[in-house]
Amino acid sequence: MKKHTVVIALGHHALGTTLPEQKIATKKTAKAVADLISEDYRIVITHGNGPQVGMIHIAMSQLHRVYPEYTATPMSVCSAMSQGYIGYDLQNAIRTELLNRGIYKNVATVLTQVVVDPYDDAFYHPTKIIGRIMDKEEADAEEEKGNHVIKVEGGWRRIVAAPKPVDIIEADSVRALLDAGQIVIACGGGGIPVLQQGNVLKGASAVIEKDLAAAKLASLVDAQTLIILTGVEKAGIRYGTPEERLLDELTVKEAIRYMEEGEFGAGSMEPKIQAAVDFIGNSAIRKTIIAKLGDGRLELSGEGGTVIHK
């Protein structure tokens, strides 16, 4: 019988923001992941990249400003860069933790491309703000190139689409590595968004919601459990009011109803709840746990977090 497969989606709290923070955070995260590996679960890890990809985009844009001969770096390439350097720290931290416990398993980071629909409504209504603050002249130049900008305090910033993930190009590679007994890191930052044009994959000027990508990945590797780590202990309703209530348990039906009622923040908890709904579907076996890493332990029982099931 195939072992229980768990997909762990790490939020930025489990990774840190700066390079030194990331080194420290990944060590703590590695201990929690190693606990599950020692219990013989098949593990796939995905992660956010918000601060990291923003830093890369700003740095590459500044390089282009100072040295115009270096062409501007597309968002898809910035995403690929972030996957590489986050995966580098994460896989080495997990490898070290496992070796310290006498566990010999390979950890592999897969540069992952995620297909999006070119007609996704998100491309007509971009929502994700990225990059540095620009002046009016620079903002106009971005719009002339076909990019979107938005007015913010102090100037303008680019704004890109957040389309839904349709397919994951490297899903077969992830499954093969899992079957070989390896721990896999994939779909970092929601994956590199690509448009499929015949046999060619073309990078899209977009970012993918990491939790939705995690749900797609979990479905494609036939996982039984999706763990979404975030900065709060549990999902809740009537957030920030005297009637606020944290949820220990939630059915898919209840989750959909609460989303329709606007109970979850559009840019915070709602994508996590939607990911849980997408992953579980009509399955009586699958479940999603939304929790905080806390003291560095992950509980598949869902104790201390919110458990979502059919």
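Whatever comes next refers back to the structure up there.
The structure presented is a predicted model; accordingly, all values stated were derived computationally and were not measured.

Peer 1: What should I look at first to understand the sheet that holds strand β16 (residues 287-292) in this one?
Peer 2: Sheet strands associate in pairs through backbone hydrogen bonding, adopting either a parallel or an antiparallel arrangement. Taking strand neighbours across the sheet as the criterion, the 8 strands line up as β3-β9-β2-β1-β12-β16-β17-β15 in an open arrangement whose pairing is mixed. The open sheet terminates on both sides in strands that have one partner only, identified here as β3 (107-109) and β15 (249-251). Neighbour-to-neighbour, the strand axes of the sheet open up by a mean angle of 20 degrees, direction not taken into account. In the sheet, strand β12 (residues 225-230) pairs with β16 via 6 bridges, with the strands oriented parallel. Looking at the pairing, Thr225 lines up with Lys287 of β16. Where helix α3 (residues 75-100) meets the sheet, it contacts β1 (5-10), β2 (42-47), β3 and β9 (183-185), and its direction lies at approximately 175 degrees from that of β3.

Peer 1: Looking at this structure, I do not really get the sheet that holds strand β7 (residues 155-160). What am I missing?
Peer 2: Reading across from one edge, β5-β7-β6 is the order of the 3 strands in this open sheet, with antiparallel pairing throughout. A single partner strand is all that each edge strand has here, and the edge strands are β5 (128-134) and β6 (148-152). Within the sheet, the average angular offset between the axes of one strand and its neighbour, ignoring direction, is 35 degrees. Sheet analysis places β6 next to β7, joined by 5 bridges and oriented antiparallel. Paired with Lys151 across the two strands is Trp156, which belongs to β7. In this fold helix α2 (residues 50-66) packs onto β5 and β7, with an angle of close to 40 degrees to the strand it touches most, β5. Here helix α4 (residues 136-144) sits on the sheet and contacts β5, β6 and β7; the angle it forms with β5, its principal contact strand, is near 135 degrees.

Here is what the cut-offs are and how they apply
Residues numbered from 1 in each chain as written. Predicted model: local features only at pLDDT ≥ 70, side-chain atom pairs only at ≥ 80, totals over all residues. Heavy atoms only, no water. Pairing = 2+ DSSP bridges. Helix = DSSP H or I, 4+ residues; strand = E, 2+ residues; numbered from the N terminus. Axes fitted to C-alpha atoms, helices over the stretch in contact; angles between N-to-C directions. Contact = heavy atoms within 4.5 Å.

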